[in-house]
Amino acid sequence: MRENTPLPSLDMLKDQARRLRSRLGANGETIGHSRALELIAAQYGFNDWNTLHAALGNRRGPEYLAPGARVTGAYLGQPFAARIVGIQALTSAPGSYRVSLDLDEAVDVVTFDSFSAFRKRVNGVIGKDGVSRERTSNGRPQLQLSW
């Protein structure tokens with residue numbers, strides 16, 4: 001196993017296996033999904049997929065998220081799907097994380113009908129539950145993540 005290399009989420013690893021199968025298939029080399037999973041496990045230094053899967057355990061939470069991870073959630077009440085472009089544990093506030101997101105589709109952060117302001121990049125600080133402490137004027141969290 002690679003030392004000090006954080007592992008992606010299970011969903012990200014499975015997605016890597018799907019992309020590998022697709023890429024190899026486009027080049028005329030057909031492999032099964034099980035073989036693709038085994039190749040991904042080897043890439044991360046594991047003997048097989050079952051060992052990698054066991055190493056992941058049932059972990060959940062922002063401490064296991066990494067750049068490139070896919071998340072969904074809401075920003076200022078607007079639902080989104082996004083890719084994490086940066087995440088950092090805050091030493092000044094244990095259990096808090098600064099996160100930078102690249103939204104798949106820009107969201108309108110203005111509630112007035114007379115004008116709009118769209119954002120595609122979002123930054124915020126979340127707790128281990130994926131929810132920001134900062135609130136909007138109606139009491140909703142500014143940022144909520146699901147993974």
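Preceding this section is the structure that the text describes.
Residues numbered from 1 in each chain as written. Predicted model: local features only at pLDDT ≥ 70, side-chain atom pairs only at ≥ 80, totals over all residues. Heavy atoms only, no water.

What exactly am I supposed to notice about the overall build of the chain here?
Along the backbone of the chain there are 3 helices and 5 strands. Starting at the N terminus, the α and β elements of the chain follow one another as α-α-α-β-β-β-β-β. The contacts of the chain with a sequence gap of at least 6 include a subset with a gap of at least 24, amounting to 42%. Just so you have it, the chain exposes about 9200 Å², and 46% of that area is on carbon and sulfur atoms. (Helix = DSSP H or I, 4+ residues; strand = E, 2+ residues; numbered from the N terminus. Contact = heavy atoms within 4.5 Å. Areas by Shrake-Rupley, 256 points an atom, 1.4 Å probe, with all protein chains shown as cover.)

Would you take a moment to explain the nonpolar core for this structure?
Val71, Phe80, Leu101, Leu143 and Leu145 are the most contacted members of the largest nonpolar core, which has 19 residues in total. Of all elements in the fold, only strand S1 (70-75), strand S2 (78-89), strand S3 (96-108), strand S4 (118-127) and strand S5 (143-146) reach the threshold of two or more residues within this core. Counting residues per element, this core draws most heavily on S3, which supplies 5 residues. If we skip the residues at most four places from it in the chain, Leu101 touches Val71, Phe80, Ala82, Arg83, Ile84, Val85, Lys120, Arg121, Val122, Leu143 and Leu145. (Core = buried A, V, L, I, M, F, W, Y, C linked by side-chain atoms within 4.5 Å. Buried < 20%, exposed > 50% of the residue type's maximum accessible area, 1.4 Å probe, protein only.)

Honestly, the sheet that holds S1 in this entry has me stumped. Any pointers?
Hydrogen bonds along the backbone pair up the strands of a sheet, which may run parallel or antiparallel. The strand order S4-S3-S2-S1-S5 describes an open sheet built from 5 strands, whose pairing is antiparallel. Two strands lie at the open edges of the sheet, namely S4 and S5, each paired on one side alone. Going across the sheet, the axis of each strand differs from the next one's by a mean of 40 degrees, ignoring polarity. Pairing between S3 and S4: 9 bridges, direction antiparallel. Its bridge partner lying in S4, Asp102 is registered against Arg121. (Pairing = 2+ DSSP bridges. Axes fitted to C-alpha atoms, helices over the stretch in contact; angles between N-to-C directions.)

How do you make sense of the pairing of S3 when you look at a structure like this?
Every regular strand shows the same layout, with side chains that alternate between the two sheet faces. Both S2 and S3 contribute to a ladder of 7 bridges, which runs antiparallel. Note on S3: the bridge partner recorded for Gln88 is Arg98. Between S2 and S3, which pair antiparallel in sequence order, lie 6 residues; one of them, Gly95, sits at a positive phi of approximately 85 degrees.

Looking at this structure, I do not really get the pattern of salt bridges. What am I missing?
This model, assessed by the stated rule, comprises 5 salt bridges. In this structure, the salt-bridge partner of Asp104 is Arg70, at a minimum N-O distance of 2.5 Å. A residue pair is termed long-range when its members are at least 10 positions apart, and Asp104 in strand S3 and Arg70 in strand S1 qualify at 34 residues. Residue class for Arg70 comes out partly exposed when judged on its relative accessible area of 45%. (Salt bridge = Lys/Arg side-chain N within 4 Å of Asp/Glu carboxyl O.)

Keep in mind these values describe shape, not function.
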